[in-house]
Amino acid sequence: MWCDRCGRISRRVWVYKWVCEGCQHTIEIPIPIYTRTTIRHLPPSRTEQYGCRSFKPSSNIRGYLERIPNHVPRFGGWERMVYVFPEGGHVHHFLAGNREDVDGVYEGLQRGRLPFRRMGVKSRLNGLLTSNFVLNSGEAYAQASNLPARSMTENTRIELEAIQWLQDAVYEFGTVYNQSHKNLSLDGDEKEMHWHDDGEHTVHGPVSSLSLGSDALMLFRTKPTPTQKPKTVLSLAVRHGDVVLMVGKAVQRYYEHCVRVRGHRVSVTGRMVLNEGMRVEEGVWRVLEGVERGVGCARRRKGRLVFGKEVEEEKEVEVEKKGEEEEWDYPPAPPSSDIE
Ligand SMILES: O=C(O)CCC(=O)C(=O)O
Ligand SMILES: [Fe+2]
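- Labelled according to an unreviewed UniProt entry, the protein appears under the name Fe2OG dioxygenase domain-containing protein, originating from Spizellomyces punctatus.

Dropping the structure here:
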């Protein structure tokens, strides 16, 4: 944008304000408050079952549906899909039981006009910024180390409420989140959080994310090697109120994930970061050892297996576009390759 004071062109770094990089002249940017009724939705898909758009049976991932016991705070009575990866580790997709429950968090995070900002992209094109806006708080971790530190105690009440959702989602793993990463995508063109893993060596226990706002696709693929192209193995439709958690180091070592969205969306990710010099009780390590091998919780329960067996017998669901990855589409209609 051109500065009407000094004439310089500046980038938009902050979500709610534009600051001239020459003379610091600041203009507030009005953005409407998005609600559950103004968010965008993915096109319907005939293959979708319990939030799973497609998966490759040849990946040997097994999925089962589980009802969350009533004593689990917040999530009692909800359903979740658990995907057990062949290398160990699992991904849990909590399917929102009542989407209204997170409306207050979604709207509150917007009303707070928090200092979400865009980061620089490591690229030959100097000065390029990411399309999404981020905000961190808590322990430093490498992926966010170039962000200004903001302590966990600086969280607003509504940010703590969001973290509490994540904390309750990992109830059974003994994880205490001391780092939270918020990611905001504005309505408009497709935004993508590029392929990455969350296998930072200082991150321990399950990493989980709460989705607020527009539907998104979360894809998992095998990591590319010098001899093998990456293969997309799982595609999840994550919606307002859903929580996805990844358990076990193998999920990060052998796979990477990306998130694609077109509408306004905020996600809140929780991590337990154990930096050098932090004192950790021995008991915590013992719990973590199990969780990090991916044996902390997922067991296949008899009678609860949902697609594993049925889909195995079907023709493989093709999730790759030109041998690469799933077609991403919003209305009017998904391409047939998406649904057959
Ligand atoms: O946006 C999401 O739902 C997930 C974000 C994510 O993968 C991350 O923060 O590492
Ligand atoms: Fe991630």
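1. Focus: the overall build of the protein
Okay, so step 1: Within the protein one finds 6 helices and 15 strands.
Okay, so step 2: In the protein, the share of contacts with a sequence separation of at least 24, taken over all contacts with a separation of at least 6, comes to 72%.

2. Thoughts on the coordination of the iron ion (ligand 2)
Okay, so step 1: In this structure, His196 (NE2), Asp198 (OD) and His257 (NE2) serve as the protein donors to the iron ion (ligand 2), at separations of 2.1 to 2.3 Å.
Okay, so step 2: Take histidine 196: its relative accessible area is 17%, and that puts it in the buried class.

3. Digging into the packing of aromatic side chains
Okay, so step 1: A complete count under the given rule lists 6 aromatic pairs for this structure.
Okay, so step 2: Taken together, a centroid distance of 5.0 Å and an interplanar angle of 65° make the contact between phenylalanine 75 and phenylalanine 94 edge-to-face. Of this pair, phenylalanine 75 sits in the loop between strand 4 (62–67) and strand 5 (79–84) while phenylalanine 94 is found in strand 6 (residues 90–95), placing the two residues 19 residues apart along the sequence.
Okay, so step 3: Relative accessible area serves as the criterion here: at 1%, phenylalanine 94 is assigned to the buried category.
Okay, so step 4: For the pair phenylalanine 75 and tryptophan 165, a centre-to-centre distance of 5.5 Å together with 75° between the ring planes defines the contact as edge-to-face.

4. What to know about the site of ligand 1
Okay, so step 1: Taken together, His181, Met193, His196, Asp198, Ser209, His257, Val259, Arg265, Ser267, Thr269 and Arg271 are the residues near ligand 1.
Okay, so step 2: One nitrogen or oxygen atom from the side chain of histidine 196 is found 3.0 Å from an oxygen atom belonging to ligand 1.
Okay, so step 3: Burial of ligand 1 by the surrounding chains reaches 97%, relative to a free accessible area of 290 Å².
Okay, so step 4: When residues of the shell around ligand 1 are assigned to their parent elements, the largest contribution, 4 residues, is made by strand 15 (residues 265–273).
Okay, so step 5: The residue inventory of the shell around ligand 1, partitioned by class, reads 2 nonpolar, 6 polar and 3 charged.

Rules and cut-offs
- Residues numbered from 1 in each chain as written.
- Chains lettered and ligands numbered in written order.
- Predicted model: local features only at pLDDT ≥ 70, side-chain atom pairs only at ≥ 80, totals over all residues.
- Heavy atoms only, no water.
- Helix = DSSP H or I, 4+ residues; strand = E, 2+ residues; numbered from the N terminus.
- Contact = heavy atoms within 4.5 Å.
- Donors = N, O, S within 2.8 Å, 3.2 Å for Na, K, Ca; no water.
- Buried < 20%, exposed > 50% of the residue type's maximum accessible area, 1.4 Å probe, protein only.
- Phe/Tyr/Trp six-rings, centres within 6.5 Å; stacked < 30°, edge-to-face > 60°.
- Near = heavy atom within 4 Å.
- Polar contact = N/O pair within 3.5 Å; in protein donor to acceptor, adjacent residues only side chain to side chain.
- Areas by Shrake-Rupley, 256 points an atom, 1.4 Å probe, with all protein chains shown as cover.
- Nonpolar A, V, L, I, M, F, W, Y, C, P; charged D, E, K, R; others polar.

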